[in-house]
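# Residue-level structure breakdown
Residues per chain are reported as follows:
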Amino acid sequence: MKFVKNTILIATALLFSGANYGQTYIQAYQDVVDQCSQTNITTNLTEFEALGVKRRGTTALQNTLNWLKAEYLSYGYTASQMVEDSYTYSGSPAVCKNLIVTKVGTLYPNTYVIVCGHYDSITGTGTNDNGSGTVAVLEVARLLRTIPTEYSIKFINFSGEEDGLRGSQHFVNTVVNGTTPKMDIRVVFNMDEIGGDASMINDTVTCERDTGSPTSNNAASNVRTQELITCTELYTDLNTFLSYAYASDYMSFEDNNEVITGFFETNETPHRHTATDLLVNMDPVYNYKIAKAAIAATMHYATANPSALNTTIYEQEAQVSFFPNPTKDILYINKGTIADANYTISIVDIQGKTVLNQSFENTSLVEQINVSQLPKGIYMAILETNSQSITKKIVIE
């Protein structure tokens, strides 16, 4: 949802003039980017449009949520990785839902890169505003599912954006600030209305940074946005335009002093919030190119190590991890892509003796065990389900 035109933005926007903040071209990143599918983008836009007007409290909004869940499941994400974040707000009895899909990082599992876009619409089907951002988030999630990243990623589809950023505000208030300690966010990368105007040549994407209050996060936001610009120019043929963030879900995070950045179309559609916000009036090739840039940027933000892009072992071990490692008292278990609801954790010492055994039922993505009573040393942690067994070395300090 945007209301200010670029003709107004130009008064304060800056054109990016070259520095790449130490980033260099990585062929392994390009190989992943090149797997982005124009067919997926166009097909998902078509399906999104067919779901109707996605207003709060409507069957269309719920059907779109169900469609999103089915898409993530088809990519190989599991139910344990998905959370429906429900909320209501004053003045509306409707229950709205954000959808959060979490991929746990290998080195910094408690620090998150958030890749987000809203899926609700107003008046029309919202194929551009914001089906375009929605399908880009999906394509990033599809291609990064099997790629190990050092930082965790949360793919978030927000509802309630068109009613005043309700979904993102709820998430910040109850999840980000409701976590103890407060959720550690590396960057929030928002995509809103990136489908372009079918009547124009769309070769430039607007990259948005924080210029508002509080100001303490502005410098970091500018760095992340310059990195976004560099990723776009390294891995796609799009030009970039540097502007400022406003009137979309990243603002809920900006107000909370988080570091934000985002993509927005440069040629702004005249069809926003109307019944003509349809695929026929947007540019799906432009949407596809921005999705490619988003894939590169997310790999950069979440640190996909080029040498680790051979994902065979990562996938064989179902992305299971134990953290922190080394640990002193609490050991967290990330079940990764294991679909089983139940599993058993065994801790075995170097003599082969099982020193701890605990069963978990109806598990969440991340569970925990207390290892504070175990002596310092090297152990093997074994996660077992009915169908598989995964072993990792852990160190207790």
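All figures in this text were calculated on a predicted structure; none of them were measured in a lab.

A few words on unusual backbone geometry. Backbone torsion omega between threonine 180 and proline 181 reads -10°, so that peptide bond is classified as cis. In this structure, proline 181 sits in the loop between α6 (166-176) and β5 (184-191). Residue phenylalanine 323 is joined to proline 324 through a cis peptide bond whose omega torsion reads -10°. Its identity as a non-glycine residue notwithstanding, glutamate 193 has a phi of 60°, on the positive side. With respect to the secondary-structure elements, glutamate 193 resides in the loop between β5 and β6 (204-209). Phi is positive for asparagine 257, close to 70°, though the residue is something other than glycine. Relative to the assigned elements, asparagine 257 resides in the loop between α8 (250-254) and β8 (260-265).

The subject of this paragraph is the pattern of salt bridges. If you walk through the whole model with that rule in mind, you get twelve salt bridges. Two residues, lysine 392 and glutamate 317, come together in a salt bridge whose shortest N-O distance is 2.4 Å. Of this pair, lysine 392 sits in strand β15 (residues 389-396) while glutamate 317 sits in the loop between α10 (312-316) and β9 (321-323), and the two are 75 residues apart along the sequence. Assessed through its relative accessible area of 22%, lysine 392 is described here as partly exposed.

Strands pair in a sheet through their backbones, by hydrogen bonds, and they do so in one of two ways: parallel or antiparallel. The antiparallel open sheet is built from three strands, whose spatial order is β9-β10-β13. If you trace the sheet from one side to the other, it starts and ends with β9 and β13 (366-370), each paired once. Strand-to-strand twist in this sheet, taken as the mean axis angle between neighbours without regard to direction, amounts to 25°. Pairing of β9 with strand β10 (residues 330-334), which is carried by three bridges, proceeds in the antiparallel orientation. Paired with serine 321 across the bridge in β10 is asparagine 334.

With the rule as written, the count across this model stands at 16 aromatic pairs. Measuring from centroid to centroid gives 4.6 Å for tyrosine 108 and tyrosine 151, while their planes differ by 25°, and the two rings are stacked. Of the two residues, tyrosine 108 sits in strand β3 (residues 108-118) while tyrosine 151 sits in strand β4 (residues 151-158), which places them 43 residues apart along the sequence. Judged by its relative accessible area of 37%, tyrosine 108 is partly exposed. Exposure remark for tyrosine 151: the relative accessible area of 14% places this residue in the buried category. Summarising the aromatic geometry, the rings of phenylalanine 323 and tyrosine 332 are spaced 5.6 Å apart at their centres and angled 15° between planes, so their arrangement reads as stacked. Overall, tyrosine 332 belongs to the partly exposed group, its relative accessible area being 29%.

In this section: the layout of surface pockets. Counted as a void, the largest pocket has a volume near 640 Å³. As for the largest pocket, its lining consists of 28 residues, and the residues nearest its centre are Asn110, Tyr112, Lys154, Thr179 and Met183. For the lining of the largest pocket, the secondary structure elements donating two or more residues are β1 (82-89), β2 (92-103), β3, β4, α6 and β13. Examining the composition of the lining of the largest pocket, we find that three residues originate from one element, β3, more than from any other. Residues belonging to the lining of the largest pocket are distributed by class as follows: 14 nonpolar, ten polar and four charged.

Turning to the side chain of lysine 292, a few remarks are in order. Position of lysine 292 among the secondary structure elements: in helix α9 (residues 284-302). Although lysine 292 lies buried, it forms no salt bridge, and the closest oppositely charged side chain, aspartate 34, sits 4.0 Å away as judged by the N-O distance. When sequence neighbours within four positions are dropped, the list of residues in contact with lysine 292 reads Val33, Asp34, Cys36 and Thr236.

In this section: the packing of helix α5 (residues 131-144) against α9. One way to put it is that α5 packs onto α9 with a least axis distance of 9 Å and a crossing angle of 45°. One way to sum up the angle between α5 and α9 is to call them oblique. Read as a crossing pair, α5 and α9 show a hand that is right-handed. Note on element contacts: α9 touches α5 through Asn287, Ala291, Ala294, Ile295, Thr298 and Met299, opposite Ser132, Val135, Ala136, Glu139, Val140, Leu143 and Leu144.

Further remarks concern the sheet that holds strand β7 (residues 239-244). The sheet built from eight strands is open, its strands ordered β1-β2-β4-β3-β5-β8-β6-β7 with mixed pairing. Each end of this open sheet is capped by a strand with a single partner; those strands are β1 and β7. Across the sheet, the mean angle from the axis of one strand to that of its neighbour is 25°, orientation sign disregarded. Direction of pairing for β6 relative to β7: parallel, over a ladder of six bridges. Paired with valine 205 across the two strands is threonine 240, which belongs to β7. Across the sheet, α6 touches β1, β2, β3, β4 and β5, and the angle it forms with β1 is around 110°.

Reading the values: the criteria
Residues numbered from 1 in each chain as written. Predicted model: local features only at pLDDT ≥ 70, side-chain atom pairs only at ≥ 80, totals over all residues. Heavy atoms only, no water. Helix = DSSP H or I, 4+ residues; strand = E, 2+ residues; numbered from the N terminus. Salt bridge = Lys/Arg side-chain N within 4 Å of Asp/Glu carboxyl O. Buried < 20%, exposed > 50% of the residue type's maximum accessible area, 1.4 Å probe, protein only. Pairing = 2+ DSSP bridges. Axes fitted to C-alpha atoms, helices over the stretch in contact; angles between N-to-C directions. Phe/Tyr/Trp six-rings, centres within 6.5 Å; stacked < 30°, edge-to-face > 60°. 1 Å grid on protein atoms, 1.4 Å probe; cavity = no way out; pocket = protein on both sides within 12 Å on 5 of 7 lines; lining within 4 Å. Points joined across faces, edges and corners; volume = space filled by probe spheres on them. Nonpolar A, V, L, I, M, F, W, Y, C, P; charged D, E, K, R; others polar. Lys, Arg positive; Asp, Glu negative; His and termini not counted. Contact = heavy atoms within 4.5 Å. Parallel < 35°, antiparallel > 145°, perpendicular 65-115°, else oblique. Left-handed = near helix turned anticlockwise from the far one by under 90°.

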